[in-house]
Amino acid sequence: KQWYQRRVPITAGVDVAFRKAALKVALGDISRIRGFIELSFQCSRSGVTSSSTPFYVLADTFDCLTLDKCQQLFSYVEDKSPQFAQEPPGNRNIVLRLCNDLIRRCSKSLNTLFCGRIQIILAKIFPFSERSGLNLQSQFNLENATEFSQKETEGVMESDSSEVTFLFYQTLWSMQDFFRNPNQISSDAQWKKMEENVKEICRIFENYKHEGSTKISSNETYFAKFLTSERLLTLQITDANFRRHILVQILTLFQYLTGDVKFKPNKLVISEPRKYWVYDTTNNIYGILAETPPDGERFVRHIKSVLRYEEKWSKWKNEGCPSLEKSLDKTLHPKQKNMLRTVKPMDLSQNEKFDLGNDTLTKLWNICPDNMAACQDSNRNFIPETYKFFEDAIEQLEPDSGVEKEYYLTNDTSFVWKSLRLLAKQSTPYFQHIQNTKNLTLTDNLQNIIISIGKEHKKEKSTDCDSALIPLL
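The shown structure was predicted, so the numbers you read here are calculated from the model rather than taken from an experiment.

Q: What is the right way to look at the overall build of the protein chain in this model?
A: Along the protein chain, the regular secondary structure elements total 21 helices and zero strands. With 473 residues in all, the protein chain has 33% of them scored as buried. Taking the intrachain contacts of the protein chain between residues at least 6 apart in sequence as the baseline, contacts between residues at least 24 apart amount to 67%.

Q: Is there a simple way to think about the packing of aromatic side chains in this case?
A: Aromatic rings in a pair are described by how distant their centres are and how their planes are angled relative to each other. With the rule as written, the count across this model stands at 18 aromatic pairs. Taken together, a centroid distance of 5.4 Å and an interplanar angle of 90° make the contact between phenylalanine 74 and phenylalanine 114 edge-to-face. Of the two residues, phenylalanine 74 is situated in helix H5 (residues 67-79) and phenylalanine 114 in helix H8 (residues 112-125); the sequence distance between them amounts to 40 residues. Judged by relative accessible area, phenylalanine 74 falls into the buried class, the value being 0%. Summarising the aromatic geometry, the rings of phenylalanine 140 and tyrosine 256 are spaced 5.4 Å apart at their centres and angled 90° between planes, so their arrangement reads as edge-to-face. Here the residue phenylalanine 140 occupies a position in the loop between H8 and helix H9 (166-180), and tyrosine 256 occupies one in helix H12 (residues 240-258), the gap between them amounting to 116 residues. Residue tyrosine 256 is classed as buried on the basis of its relative accessible area, which comes to 13%. The rings of Phe41, Phe55, Tyr76 and Phe84 are connected pair by pair, giving a single aromatic cluster. The ring of phenylalanine 205 is capped by arginine 243, whose NZ or CZ atom sits 4.8 Å from the centre of that ring. Residue placement shows arginine 244 over the ring face of phenylalanine 299; its charged tip is 4.3 Å from the ring centre.

Q: Just to check I follow, could you spell out the nonpolar core for this structure?
A: The nonpolar side chains of a soluble globular protein tend to be buried, and buried together. Met194, Phe205, Phe254 and Leu257 are the most contacted members of the largest nonpolar core, which has 44 residues in total. Among the secondary structure elements, those contributing two or more residues to this core are H9, helix H10 (188-207), H12, helix H13 (272-290) and helix H14 (296-318). At ten residues, the largest contribution of residues to this core is made by H12. Ranked by size, the runner-up nonpolar core spans 37 residues in total, among them Cys43, Phe55, Cys70 and Phe84.

Q: I keep staring at the environment of glutamine 190 and nothing clicks. Help me out?
A: Position of glutamine 190 relative to the elements: it lies in helix H10. Among the residues examined, glutamine 190 registers a relative accessible area of 25% and is labelled partly exposed. In sequence terms glutamine 190 and phenylalanine 178 are twelve residues apart; their C-alpha atoms lie 8.9 Å from each other. Among all residues touching glutamine 190, those that are not within four sequence positions of it are Phe178, Gln184 and Ile185.

Q: Can you walk me through the pattern of salt bridges in this structure?
A: Should the charged atoms of two oppositely charged side chains come close, the side chains can pair. A full pass over the atoms with the stated rule returns twelve salt bridges. The salt bridge involving aspartate 60 is made with arginine 19; its shortest N-O contact spans 2.9 Å. Remark: arginine 19 occurs in helix H2 (residues 7-25) and aspartate 60 occurs in helix H4 (residues 53-64); sequence separation between them is 41 residues. You can call aspartate 60 buried: its relative accessible area is 15%. Close ionic contact of aspartate 101 with arginine 104 constitutes a salt bridge, the shortest N to O distance being 2.3 Å. Remark: arginine 104 and aspartate 101 occur in helix H7 (residues 89-105); sequence separation between them is three residues, near one turn of the helix. Each of the salt bridges in this network shares a partner with another, and the network as a whole consists of Glu38, Arg45 and Lys80.

Q: Help me out: how do you make sense of H13 in this one?
A: Each α-helix turn comprises 3.6 residues. Residues three or four places apart therefore point the same way. Compared with an ideal rise of 1.5 Å per residue, which puts 19 residues at 27 Å, H13 spans 27 Å between its outermost C-alpha atoms and is within 8% of the ideal. What H13 keeps buried is the set Trp277, Val278, Thr281, Thr282, Ile285, Tyr286, Ile288 and Leu289. The inward-facing, buried residues of H13 contact H10, H12 and H14.

Q: Honestly, the environment of cysteine 321 in this entry has me stumped. Any pointers?
A: Mapped onto the elements, cysteine 321 comes out in the loop between H14 and helix H15 (334-337). Linking cysteine 321 and serine 129, residues 192 residues apart in sequence, is a C-alpha distance of 5.8 Å.

Q: Looking at this structure, how should I read the packing of H7 against H8?
A: A pair of packed helices can be characterised by two numbers: the angle between their axes and the separation between those axes. Put simply, H7 and H8 touch, their axes get as near as 10 Å, and they point 165° apart. Looking at the two axes, H7 sits roughly antiparallel to H8. The crossing of H7 and H8 is left-handed. Residues Arg92, Val95, Leu96, Cys99, Asn100, Leu102 and Ile103 of H7 pack against Phe114, Ile118, Gln119, Leu122 and Ile125 of H8.

Q: Is there a simple way to explain the confidence of the model for the protein chain in this structure?
A: Any region with low pLDDT has predicted coordinates that should not be read closely. In this model, the protein chain carries an average pLDDT of 82, and 82% of its residues clear a pLDDT of 70 or more. Confidence, expressed as mean pLDDT per element, reaches its minimum in the protein chain at helix H1 (residues 2-5) with 49 and its maximum at H13 with 94. Overall, residues 3-7 carries pLDDT values under 50, and its contacts beyond four positions in sequence, including any with other chains, amount to three contacts. Low pLDDT (under 50) marks residues 469-473, which in the prediction has zero contacts with non-local residues, meaning those over four places away or in another chain.

Q: What should I look at first to understand the side chain of glutamate 230 in this one?
A: Counting through the fold element by element, glutamate 230 comes out in the loop between H10 and helix H11 (233-236). Polar contacts involving the side chain of glutamate 230 include one to the side chain of serine 149, which spans 3.2 Å.

Q: Looking at this structure, how should I read helix H19 (residues 413-426)?
A: The terminal C-alpha atoms of H19 lie 20 Å apart, and with 14 residues this matches the ideal 20 Å at 1.5 Å per residue to within 8%. Listing the buried residues of H19 in full gives Phe415, Val416, Ser419, Leu422 and Leu423. Buried residues in H19, looked at end-on, bunch into an arc of 130°, giving them a common side. Turned more than 90 degrees off the buried face of H19, the exposed positions are Thr413, Trp417, Arg421 and Lys425. By the N-cap criterion, in which a side-chain oxygen at the helix start approaches the backbone nitrogen of a residue two or three places on, H19 is capped by aspartate 412, the distance to serine 414 being 3.2 Å.

About the cut-offs
- Position labels on residues start from 1 in each chain and follow its written sequence.
- Where totals are concerned, whole chains, interfaces and linings use all residues; where local detail is concerned, this predicted model gives features only for residues with pLDDT of at least 70, and gives and counts side-chain atom pairs only at 80 or more.
- Computation of side-chain values: all heavy atoms of the structure, hydrogens and water removed.
- We count a stretch as a helix when DSSP gives it H or I for four or more residues in a row; a strand needs E for two or more, and each element gets its number in order from the N terminus.
- Accessibility here uses a 1.4 Å probe with only protein chains present; expressed as a share of the type maximum, an area under 20% marks a residue as buried, one over 50% as exposed, and anything in between as partly exposed.
- Note on contacts: a residue pair is in contact if any heavy atoms of the two residues lie within 4.5 Å.
- Aromatic pairs are defined between Phe, Tyr and Trp rings, using the six-membered ring for Trp, whenever the two ring centres lie within 6.5 Å; interplanar angles under 30 degrees are classed as stacked, those over 60 as edge-to-face, and all others as tilted.
- Placement of a positive charge over a ring is assigned whenever Lys NZ or Arg CZ falls within 6 Å of the ring centre and within 35 degrees of the normal to the ring plane.
- We define the nonpolar core as a collection of buried residues of types Ala, Val, Leu, Ile, Met, Phe, Trp, Tyr and Cys that are connected through side-chain atoms lying within 4.5 Å of one another.
- Any carboxyl oxygen of Asp or Glu that lies within 4 Å of a side-chain nitrogen of Lys or Arg is treated as forming a salt bridge with it.
- Expected helix span is taken as 1.5 Å per residue step, with the number of steps being one fewer than the number of residues.
- Axis angles are defined between N-to-C directions and span 0 to 180 degrees, where every axis is a line fitted to C-alpha atoms and, for a helix, only to the segment in contact.
- With respect to orientation, any angle under 35 degrees is reported as roughly parallel, any angle over 145 as roughly antiparallel, any angle of 65 to 115 as roughly perpendicular, and every other angle as oblique.
- A crossing counts as left-handed when the near helix is turned anticlockwise from the far one by less than a right angle, and as right-handed when that turn is clockwise.
- The pLDDT value tells you how sure the predictor is about a given residue, anywhere from 0 up to 100.
- By the criterion applied in these results, polar contacts are pairs of N or O atoms within 3.5 Å in which, for protein atoms, one can donate a hydrogen and the other can accept it, and in which residues neighboring in sequence qualify only through two side-chain atoms.
- When we speak of the arc, we mean the arc of directions from the helix axis to the C-beta atoms.

Below you can see the structure in the form of structure tokens.
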């Protein structure tokens, strides 16, 4: 009882003891560190420490370890990620600060794999709609600059082709500046430069085709940024990874220029001729990628799928990044909430009204208690007379009607289908006319049939008038 009354100060003391002990435990091996951190989580679940103490112990431990040991201990965070995703926002923010500190300590060129592991864990712990992980204003990383030679060094570039020159070297690597900051293309001068660079790259890649057929190993790893030495250009343009890297970057740039992005500058709205050029160039790039072995066509299908998903994510960001979690609608009817309710079997022998859960379906079901009798009802026989159905079309086909051909009813596929169904039902002799004029299109044949129906109706009408005038004579 006395311990329970003094529980709060004891908890605070244990919290401090755990954090001090973590500094000493960090000097041991990884297995001992993992055991100590697991002990802190067990004490937190038992109520001996506060809920945030094991997270502070975890953060303090990572601060004391070298980067190599951090990579080994990070597997513990990966194992605990489902549990961390259920923690309150305060504890998850501690994990967020821990991961951000690790990313700042990592090298962009040597620890790319570890940085990827950290990003994956953050994606698992935090929901998609977490504001701290979203680039809401579509800002670009302008610090990601690509450096390359600005002056040609004699005897450095060796190429069997006269087209792979130092000028093409500058053209190729200057595109990285447009990828880094696409908003600068809003000016006409920058657009013209970008357009000329893309045309030159596509021309060289088409003429200097990749001839290899070696399959790329799934275990092969390479850096995200390629070397920009002049000596490597001839080898790079024949490398499948390099060609795909450059061309996919161009496709991503084109999708940004033509897509609907909320925070895109108003000056970056491109004209229709430029959109047509982007569309044609995109098809040309897909053709180059399809011809690049190995599995070029399969690679193109994957890239198209990725870009389609990118459009959906862009639309989601334009809508303000709403939560992707669907919550139960509290305004549902009590009958709709109880999904496991027993359903009373329908008794068709009695004329009772059935509720199908939808107003429209309930109305249709209760029109007639017997479905077969409703289908055989004489009121359902609503096939029109031949002349009345074609009356408007006959008037349009008159020479003095003044109706242009593009507005004829016979240009409507729905009307043509209904007309053929009606003729097959009531006027089968007219199909003999179609067999005699096989060279004409279906629309022309139907027009001839409609004209003949109009002529026959006029003859019948004049005959009726003559027979009516005979008694008067």
